[in-house]
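Each chain, letter by letter, is given below.
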Amino acid sequence: MGKIRLIIAIIVGKLMICLTKLTGSQGTVFPGRIALIICPEILKILGENISEEIIVITGTNGKTTTSNMVAQILKEHDYSLVHNAAGANMITGITTAFIDKTNLIGTKIFHYALLETDEANIPLLLKELTPKVVVITNFFSDQLDRFGQLDNIINLVKDALRNTKIELVLNADDPLVTHFQSDTGLHCWYFGFKETDYDKKESFHNNKVGKYCVFCQSELVFDKYHYAQLGKFYCPNCGNRNPEPNFVAHSLVMNPTISFWVNDIYIESPYQGFYNAYNILAAVSIAKLVGLKDEFITNAIKIYQPQAGRMESFNIAAKKVILILVKNPIGLNQAMAALEQESQSKNILFILNDNAGDSRDVSWIWETDLEMLATNQLNINNFICAGTCSGDIAVRLKYSGFPAGNIVLVKNLAEGIEELITRDSEVCYVFTTYSALFSSRKMLIKYQDKYKADISALKVKDFMGMGE
Ligand SMILES: [Zn+2]
């Protein structure tokens, strides 16, 4: 009877996946949800078809980029894998990913499962699956209105990990992550950066997150910050400090694309920004632990093209337009810090929504370091505000000291993109919250095609001697 239920759940799930693909929707949650109702053990059963390892990647920022890069490295090796897509990182989305890949009777074997998941989802996930490795990228405050306080989340994850045989891969530079070893007793591997040319003596501390020692609540002393609370720290009271990393990143260069060394492996990537350097470091660390070959790792990172909204690049009217998903204060601060490495003049289109999938409370923009715009060290010509909360971001910008005359409020996305590319600048950036990510991406592709067509029409005119 159980076997029949499983097969029915798989068939229904696969049909629904086909339907959602046909309608072109991004819905990867619904098939898993229905399949779990038909056969509640489906994820547990399909999880047993992983022959090598189940790897879970969690943390506030960087899950998607890190897991996509590991997926790329595994594919270079010709390993088969189950991998859930961005935005489908709850149990339902993960179940959909398994159903999509398995055969009709649920017996197909895969080498690896690579699963990114929200922190709050870890307890549920560990009831269904037995991962070999759990990776924690970092902890920042994110969508507090949805998940409650950061401390609660960290404790939730810690409690779920205790009494397991899981190995942890942890960020050695994040004081909110490093204490997992002593608090869980699990075997831990660490990745971290040595001093870099981009370190700061001060950091913009959002909500004082990570400012105090997790053991004794004394204020931590930071020798250097890489960004946010990530850096070299110690507690003057109890001696809590960064653990020695197993995977040491050094000699970081961002001009603006990234290169650095991880132990003795040289890494180059088309990505930008320190936060992406961390994502690459996490991916390389996982790959090394799994035992993948250095040349496959370096090659996969080098050719890996940014995915939707993760510094994805478009070419519109001979201008480079880069799309970046921003969903919380640290993410936005890091996106702006990445612009510091780019010397060309810029226009920015900011799409701020408060829909489902976004933070319902957009007051998080007041916790960001938009004041760095006031000095214009980022060389920004125009700031275009769009989305359901365009007025909020415009007001926030005005308070940051950014010249009011260069803040443009638009009615819709199309108008925003027109303003972005027609106003004077050498390069353009689109910052968007989650609910506008796919619509803005679609529209950028449309504009890219439109201008391509216009240019070829002009060339034909020139050729025919008809050019103006
Ligand atoms: Zn302490």
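Residues numbered from 1 in each chain as written. Predicted model: local features only at pLDDT ≥ 70, side-chain atom pairs only at ≥ 80, totals over all residues. Heavy atoms only, no water.

Attention now moves to the overall build of the protein chain. A tally of helices and strands in the protein chain yields 15 helices and 17 strands. A compact globule built from 468 residues would reach a C-alpha radius of gyration of about 23 Å, and the protein chain, at 23 Å, matches this within 12%. For the protein chain, the spread of C-alpha atoms along the principal axes amounts to about 70 × 60 × 45 Å. Expressed as a percentage of its 468 residues, the buried residues of the protein chain come to 54%. A sequence separation of at least 24 residues applies to 72% of the contacts in the protein chain between residues at least 6 apart. Carbon and sulfur atoms make up 53% of the accessible area of the protein chain, which totals about 19900 Å². (Helix = DSSP H or I, 4+ residues; strand = E, 2+ residues; numbered from the N terminus. Rg over C-alpha atoms; globule rule 2.2 N^0.38 Å. Buried < 20%, exposed > 50% of the residue type's maximum accessible area, 1.4 Å probe, protein only. Contact = heavy atoms within 4.5 Å. Areas by Shrake-Rupley, 256 points an atom, 1.4 Å probe, with all protein chains shown as cover.)

Here we come to the coordination of the zinc ion. For the zinc ion, every protein donor is listed as Cys213 (SG), Cys216 (SG), Cys235 (SG) and Cys238 (SG), and the spread of their distances is 2.3 Å. One can describe the site at the zinc ion as tetrahedral: its 4 donor atoms subtend angles covering 97 to 121° at the metal. Expressed as a motif, the donor residue spacing for the zinc ion is C-x2-C-x18-C-x2-C. Taking relative accessible area as the criterion, Cys213 reaches 1% and is therefore assigned buried. (Donors = N, O, S within 2.8 Å, 3.2 Å for Na, K, Ca; no water. Tetrahedral: all angles 85-135°; square planar, octahedral: opposite > 155°, others 65-115°.)

The grouping of Ile11, Leu15 and Leu104 at the surface amounts to a nonpolar patch, some 280 Å² of accessible area in total. Checked against the element boundaries, Leu15 lands in helix H1 (residues 2-22). (Patch = residues over 30% accessible without salt bridge, like charges linked within 9 Å, V, L, I, M, F, W, Y side chains within 5 Å. Salt bridge = Lys/Arg side-chain N within 4 Å of Asp/Glu carboxyl O.)

Let us now look at the packing of aromatic side chains. On inspection of all chains with the given rule, the structure shows 18 aromatic pairs. Between Tyr79 and Tyr112, the ring centres sit 5.2 Å apart and the planes meet at 75°, which makes this aromatic pair edge-to-face. Here the residue Tyr79 occupies a position in the loop between helix H4 (63-76) and strand S2 (81-83), and Tyr112 occupies one in strand S3 (residues 110-116), the gap between them amounting to 33 residues. Ring centres of Phe222 and Tyr225 lie 4.5 Å apart, and the angle between their planes is 15°; on these two criteria the pair is classed as stacked. Per residue, the accessibility class of Phe222 equals that of Tyr225, and both read buried. (Phe/Tyr/Trp six-rings, centres within 6.5 Å; stacked < 30°, edge-to-face > 60°.)

All right, on to the sheet that holds strand S11 (residues 265-272) then. Pairing in this open sheet of 9 strands is mixed, and the strands run S2-S3-S1-S4-S5-S6-S9-S10-S11 from one edge to the other. Edge positions in the open sheet fall to S2 and S11, since each of these has one partner strand only. Neighbour to neighbour, the strand axes of the sheet diverge by 20° on average, direction disregarded. Bridging between strand S9 (residues 247-254) and strand S10 (residues 257-262) involves 4 bridges; their strand directions are antiparallel. Bridge pairing in S10 links Met254 to Ile258. Sitting on the sheet, helix H10 (residues 274-290) is in contact with strand S1 (50-58), S3, strand S4 (133-136), strand S5 (167-171), strand S6 (188-193), S9, S10 and S11, with an inclination near 145° to S6. (Pairing = 2+ DSSP bridges. Axes fitted to C-alpha atoms, helices over the stretch in contact; angles between N-to-C directions.)

Here we take up unusual backbone geometry. Even without a glycine there, the phi angle at Asp78 is positive, about 65°. Structurally, Asp78 is set in the loop between H4 and S2. With phi around 50°, Asn263 is a residue other than glycine that occupies positive phi space. With respect to the helices, strands and loops of the structure, Asn263 is situated in the loop between S10 and S11. Since its relative accessible area comes to 34%, Asn263 is described here as partly exposed.

Next up on the list: the side chain of Ser285. Looking at the element boundaries, Ser285 is found in helix H10. Contact partners of Ser285, with chain neighbours within four places excluded, come to Phe191 and Phe247.

A few words on the sheet that holds strand S17 (residues 427-432). Strand pairs in the sheet, formed through backbone hydrogen bonds, run parallel or antiparallel to each other. Spatially, the 6 strands line up as an open sheet ordered S12-S13-S17-S14-S15-S16, and their pairing is mixed. Each edge of the open sheet is held by one strand with a lone partner, namely strand S12 (310-316) and strand S16 (407-409). Here the strands of the sheet are splayed against their neighbours by 20° on average, with no regard to which way each runs. Here S12 runs beside strand S13 (residues 319-325); their pairing, made up of 6 bridges, is antiparallel. Pairing of Arg310 across the sheet is with Ile324, part of S13.

What follows is about the domain arrangement of the protein chain. In terms of domains, the protein chain is made up of domain 1 (46-303) and domain 2 (310-455). Placing a centre on the C-alpha atoms of domain 1 and another on those of domain 2 gives a separation of 27 Å. The partner domain 2 presents 26 residues to the 27 residues of domain 1 that form the contact. Together, the buried faces of domain 1 and domain 2 total about 2100 Å²; carbon and sulfur atoms form 50% of this surface. (Domains from an automatic or database assignment. Buried area = accessible area lost by both parts, 1.4 Å probe.)

With that settled, consider the nonpolar core. Judged by nonpolar contacts, the single largest core of 79 residues is most densely connected at Phe260 and Phe431. Ranked by residue count, the leading element in this core is H10, at 12 residues. Both domains that meet at this core, namely domain 1 (46-303) and domain 2 (310-455), each give it at least three residues. Leaving out residues up to four positions away in the same chain, Phe260 has contacts with Phe193, Ala249, His250, Ser251, Leu252, Ile265, Tyr266, Ile267, Ala277, Ile280 and Leu281. One finds Leu6, Ile17, Ala160 and Leu176 within the second-largest nonpolar core, a separate group that totals 46 residues. (Core = buried A, V, L, I, M, F, W, Y, C linked by side-chain atoms within 4.5 Å.)

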